[in-house]
Every structure is written in structure tokens, then in C-alpha cells.
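Residue-level structural notes
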Amino acid sequence: MAVQSHLAGQQPREQKRLVPVSAGQELRRVALVIGNGSYGPELSLKNPPNDARGVATMLRELQFDVAELIDASWEGMGLAVEQFVGKLGPGTVGLFYYSGHGLEIDGVNYLVSTDFKGGDPLTAKFRSIAANEI
């Protein structure tokens, strides 16, 4: 199975190949947890930051190396996703968790950063992160 990740609108990077894990092999555990709630007075969400903190705490207890972002910008989310995917490889379990606003455009789901300003669908595609590319 191939894993590919990049920000919407950017060139895809080299695909990684996932390799089956042998019985008894020690697994490295990495996680990216994002909880976005501060979207402005009319669109703010109370639960995503709290939920993300709880998930991150639980994953740390399960020995995951956790990158935790609360109220992340588009640039911050993109960088965190790239770093997360860069940690994946043979013998690695990766877990991605996102809580916050999302969009669906042309059948594709997009994760929305807290600095998202909206606009037309094309702008939304390029200023959000496509969930299926993580």
C-alpha cells in the first residue's frame, strides 16, 4: 500500500511504501493530533481543543510520540502533516486525529485551519488540507 501526503495545490512528494510488520517486532508509535476551535465568534467550537488534548494525553500514555496542535493555522497544520508523514516508515504505527470544522468540495473532505477566510471553492481547496491526502 502506498502513502502519499501533501498540501492541496502543491506537488505530491515521493510515495512511501508500507511494509508488513513481523511478529514480535517492536513498533514505533507516532501520532498527530489537531483540535481546532477558535474560528471566530460565530464559528467557534468548544469541544475540539478539549477532545484533542484528551486524545493526545491518552496516546502518550500508550507510548505514542505525539505532536499536538491546538487552534492551528493553515501553515502550521501543513508543516505538522509533513513532519508526521516524514516519521512514517517500516515498523511505524501512525495515528492521525483531527477535530474541527471541515468542508466537502467535489466529493473531497478538507480540514479547515483556524485562519481560514472562506471564499470560493478553488480558494478553499488551496487554503485547506485534503483529508484523503494525509
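All values reported here derive from a predicted model rather than from experimental measurement.

1. Details of the confidence of the model for the chain
On average, residues of the chain score 86 in pLDDT, and 82% of them are at 70 or above. pLDDT under 50 marks residues 1–11. Its contacts with residues more than four places away, or in other chains, come to 34 contacts.

2. Topic: helix α2 (residues 74–87)
Every α-helix winds through 3.6 residues per turn, so residues three or four apart in the chain are directed the same way. Between the first and last C-alpha of α2 there are 20 Å, a value that for 14 residues agrees with the 20 Å anticipated at 1.5 Å per step. Of the positions making up α2, those classed as buried are Trp74, Met77, Gly78, Ala80, Val81, Phe84 and Val85. Angular distribution of buried residues about the axis of α2 spans 165 degrees; they occupy a single face of the element.

3. Digging into the nonpolar core
Residues Leu32, Ile34, Leu69, Met77, Phe84 and Tyr98 are the most contacted members of the largest nonpolar core, which totals 17 residues. For this core, the leading source of residues is α2, giving six residues. Look past the residues within four positions of Ile34 in its chain and what remains in contact with it is Ala52, Leu69, Ala72, Met77, Phe96, Tyr97, Tyr98 and Ser99. Membership of the second largest hydrophobic core comes to eight residues, among which are Val55, Ala56, Leu59 and Val66.

4. Here's the deal with helix α1 (residues 47–61)
Between the first and last C-alpha of α1 there are 21 Å, a value that for 15 residues agrees with the 21 Å anticipated at 1.5 Å per step. Turning to α1, its buried residues are Pro48, Pro49, Ala52, Val55, Ala56 and Leu59. Considered in projection along α1, the buried side chains sweep an arc of 130 degrees and stay on one side of the axis. Packing partners of the buried residues in α1 comprise β3 (28–35), β4 (65–70) and β5 (92–99). Gln63, located one to two residues past α1, shows a positive phi value of around 70 degrees.

5. Digging into the sheet that holds strand β6 (residues 102–105)
Read across the sheet, three strands follow the order β6-β7-β8 without closing on themselves; strand pairing throughout is antiparallel. Since the sheet does not close on itself, it has two edges, and those belong to β6 and β8 (129–130), each with one partner. Looking at chain direction, strand β7 (residues 108–111) and β8 are connected through two bridges and run antiparallel. When the bridges of β8 are listed, Leu111 appears paired with Ile129.

6. Some remarks on the side chain of Ser128
Looking at the secondary structure, you find Ser128 in the loop between α3 (121–126) and β8. Overall, the relative accessible area of 1% leaves Ser128 in the buried class. Within the local environment of Ser128, its side chain forms a polar contact with the backbone oxygen of Ala124, the two atoms lying 2.9 Å apart.

7. Re the environment of Val93
Relative to the helices and strands, Val93 is located in strand β5. As a C-alpha pair, Val93 and Arg29 span 64 residues in sequence and 4.9 Å in three-dimensional space. With sequence-adjacent residues up to four places away left out, Val93 is seen in contact with Leu27, Arg28, Arg29, Val30 and Phe64.

Rules used throughout
Residues numbered from 1 in each chain as written. Predicted model: local features only at pLDDT ≥ 70, side-chain atom pairs only at ≥ 80, totals over all residues. Heavy atoms only, no water. pLDDT = per-residue confidence, 0-100. Contact = heavy atoms within 4.5 Å. Helix = DSSP H or I, 4+ residues; strand = E, 2+ residues; numbered from the N terminus. Expected span 1.5 Å × (residues − 1). Buried < 20%, exposed > 50% of the residue type's maximum accessible area, 1.4 Å probe, protein only. Arc of directions from axis to C-beta. Core = buried A, V, L, I, M, F, W, Y, C linked by side-chain atoms within 4.5 Å. Pairing = 2+ DSSP bridges. Polar contact = N/O pair within 3.5 Å; in protein donor to acceptor, adjacent residues only side chain to side chain.

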